[in-house]
Amino acid sequence: RVVLYITDGLGYFRLGHLIEHDPEVADLVHQLTDGRGAIPLTSTAPSTTVAALNTLWTGATPAQHGVMGTVLFLPELAMMCNVLHFKPQMGNLPSGILESWGIDPTHFTGVPTLAQRLAQNGVPTHLCALYSLIGSGLSRMLHTGVEHITENLGFDDMWGQFRHVLHQTRGQKAYVSMYNHNIDQLSHFYHAISPQTSAEIKHQLRRLHQIVTDLEIADGRTLFLCVADHGHQDAPNAIRFNAPENFAFYDTFRMFFGGDVRFSYVYLRDGQRENAMRLSKQLFGDNIALIPSETALDAGLFGIGDHHPEVKHRIGDLIAIPRPTYRHADIPRPEDKVFSFHAGLSAWEMLVPLLWKVI
């Protein structure tokens, strides 16, 4: 049996910072890894949930599965769409509406999921996740082929349901996955390093330790793994492309930027690339790296393998990557009040911890 616990938003450096300052956390990590400690892994580029979770559930790189960020231009609809909520980026439309417009989330990536591959070999897959996430466009994309889904209401219910699934599958050949987004949510609104995130990290480690030492769960044949999809980077400095002083650069756009605020895709009007590159260096040279999209794709920034056929449309003409503490913004939105972000290439975002133990 393989058990994968995915804790959204826990960076390797964030965990390391807490280990240095909290002896209990250090001891819990020691116990959960048989003394090895956390192993650093590299997230996907971009280091954001929709890209990283698709990689965890398919084994394919973003270049292969085509989910290159949260907001992407979909040429089949001729509009910018939010992949996380599976709806247009603009307008007050219901989540999941893209499916009713003919975009099937179960075929969006074009690559088989881990659950489908395991089912072909007679291995059942179990998923534990928050009830409000099950059935969403992203969930249907990730979890196609999952045989057993156990919903939870959050809070301590998630731990009870997780323990129940692990007790029921004890001694069986199975794959069990649990997803918890609490650290990500707290990091966004309380900073990457905060009392709130510290308390949640410690709480999760305590509960995981209780589970891996439970004699009704351990069978000597289970590989337990804990990993994150990405880390977090505080980015208080907003760069507004549509500010009056930046209008010359904004005027090169065909539409507003896609991707994420720490790793954005710029879609240009015809013949404007050289002009956009020149203006970017002039206006944002100290704060933003601007890269031709095909250069980044060919260089392997999004991973190796055959490219998804829609990639070239989804990532636009240029990739705008802000330096740490900076983020892109457009018109004021509620998320402008968020403190910590991800998707960028800083070490705090890109490095995630792997904890593992045979139980």
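For every chain, the first residue of the written sequence is number 1, and numbering continues from 1 onward in sequence order. Where totals are concerned, whole chains, interfaces and linings use all residues; where local detail is concerned, this predicted model gives features only for residues with pLDDT of at least 70, and gives and counts side-chain atom pairs only at 80 or more. Side-chain figures throughout are based on the complete set of non-hydrogen atoms in the structure, without hydrogens or water.

Caption draft 1: The arrangement of the packing of helix 8 (residues 155-168) against helix 10 (residues 195-212) in detail. In this analysis, axes come from line fits to C-alpha atoms, helices being fitted only over the stretch in contact, and the angle between any two N-to-C directions falls in the range 0 to 180 degrees. Helix numbering and strand numbering both begin at the N terminus, where a helix is a DSSP run of H or I of at least 4 residues and a strand a DSSP run of E of at least 2. Two elements in contact, helix 8 and helix 10, have axes separated by 11 Å at closest approach and are oriented at 25°. In terms of orientation, helix 8 lies roughly parallel with respect to helix 10. The crossing of helix 8 and helix 10 is right-handed. Between helix 8 and helix 10, the residues in contact are Asp 156, Trp 159, Phe 162 and Leu 166 and His 203, Gln 204, Arg 207, Leu 208 and Ile 211, respectively. In this classification, the charged set is Asp, Glu, Lys and Arg, the nonpolar set is Ala, Val, Leu, Ile, Met, Phe, Trp, Tyr, Cys and Pro, and all remaining amino acids, among them Gly, are polar. When the residues that make up the contact of helix 8 with helix 10 are grouped by side-chain class, the tally is 5 nonpolar, 2 polar and 2 charged. For classification, angles of less than 35 degrees are called roughly parallel, those exceeding 145 degrees roughly antiparallel, those between 65 and 115 degrees roughly perpendicular, and all remaining angles oblique. Take the far helix as your reference; a near helix turned counterclockwise from it by less than a right angle gives a left-handed crossing, and one turned clockwise gives a right-handed crossing. Throughout, a contact is declared for two residues whenever any of their heavy atoms are within 4.5 Å.

Caption draft 2: Spatial organisation of the packing of aromatic side chains. The pairing test for Phe, Tyr and Trp rings, Trp by its six-membered ring, is centres within 6.5 Å, and the orientation test on the planes gives stacked under 30 degrees, edge-to-face over 60, and tilted for anything in between. In this structure the tally under the stated criterion is 21 aromatic pairs. Ring geometry for Phe 241 versus Phe 284: centroids 5.5 Å apart, planes at 65°, classification edge-to-face. Taken together, the residues Phe 241 in the loop between strand 11 (237-240) and helix 11 (247-250) and Phe 284 in helix 12 (residues 273-284) connect sequence positions 43 residues apart. Exposure is judged per residue with a 1.4 Å probe applied to protein chains only, and the accessible area is read against the type maximum: over 50% gives exposed, under 20% gives buried, and values in between give partly exposed. Taking relative accessible area as the criterion, Phe 284 reaches 4% and is therefore assigned buried.

Caption draft 3: Looking closely at the sheet that holds strand 9 (residues 223-227). Two strands qualify as a pair provided DSSP detects at least 2 bridges between them. Pairing is mixed across the open sheet formed by 7 strands, whose spatial order is 2-18-9-1-8-6-7. Every interior strand has two partners, whereas the edge strands, strand 2 (39-42) and strand 7 (148-152), have only one. The average angle at which neighbouring strand axes cross in this sheet is 20°, direction not considered. Across 4 bridges, strand 2 lies against strand 18 (residues 351-358) in antiparallel orientation. In the strand pairing of strand 18, Ile 39 is matched with Leu 354. Seen against the sheet, helix 1 (residues 12-21) touches strand 2 and strand 18 and runs at an angle of roughly 70° to strand 18. Taken strand by strand, helix 2 (residues 23-32) contacts strand 9 and strand 18, and its axis lies near 55° from that of strand 18.

Caption draft 4: Structural context of the nonpolar core. To qualify as a nonpolar core, a set must consist of buried Ala, Val, Leu, Ile, Met, Phe, Trp, Tyr and Cys residues joined through side-chain atoms within 4.5 Å. Core analysis: the biggest nonpolar cluster contains 76 residues, and Leu 15, Phe 162, Leu 205, Phe 224, Tyr 265 and Phe 302 have the highest contact counts within it. When near neighbours in sequence (up to four residues on either side) are disregarded, Phe 302 contacts Ala 45, Pro 46, Thr 61, Pro 62, Ala 63, Met 68, Phe 263, Tyr 265, Ala 296, Leu 297, Ile 315 and Ile 319. In terms of nonpolar packing, the next biggest core, distinct from the first, is built from 15 residues, Phe 256, Phe 257, Leu 268 and Phe 284 among them.

Caption draft 5: Molecular detail of the environment of Asn 152. The topology assignment puts Asn 152 in strand 7. With residues near it in sequence (within four places) discarded, Asn 152 still touches Cys 128, Ala 129, Leu 130, Tyr 131, Asp 157, Met 158 and Gln 161.

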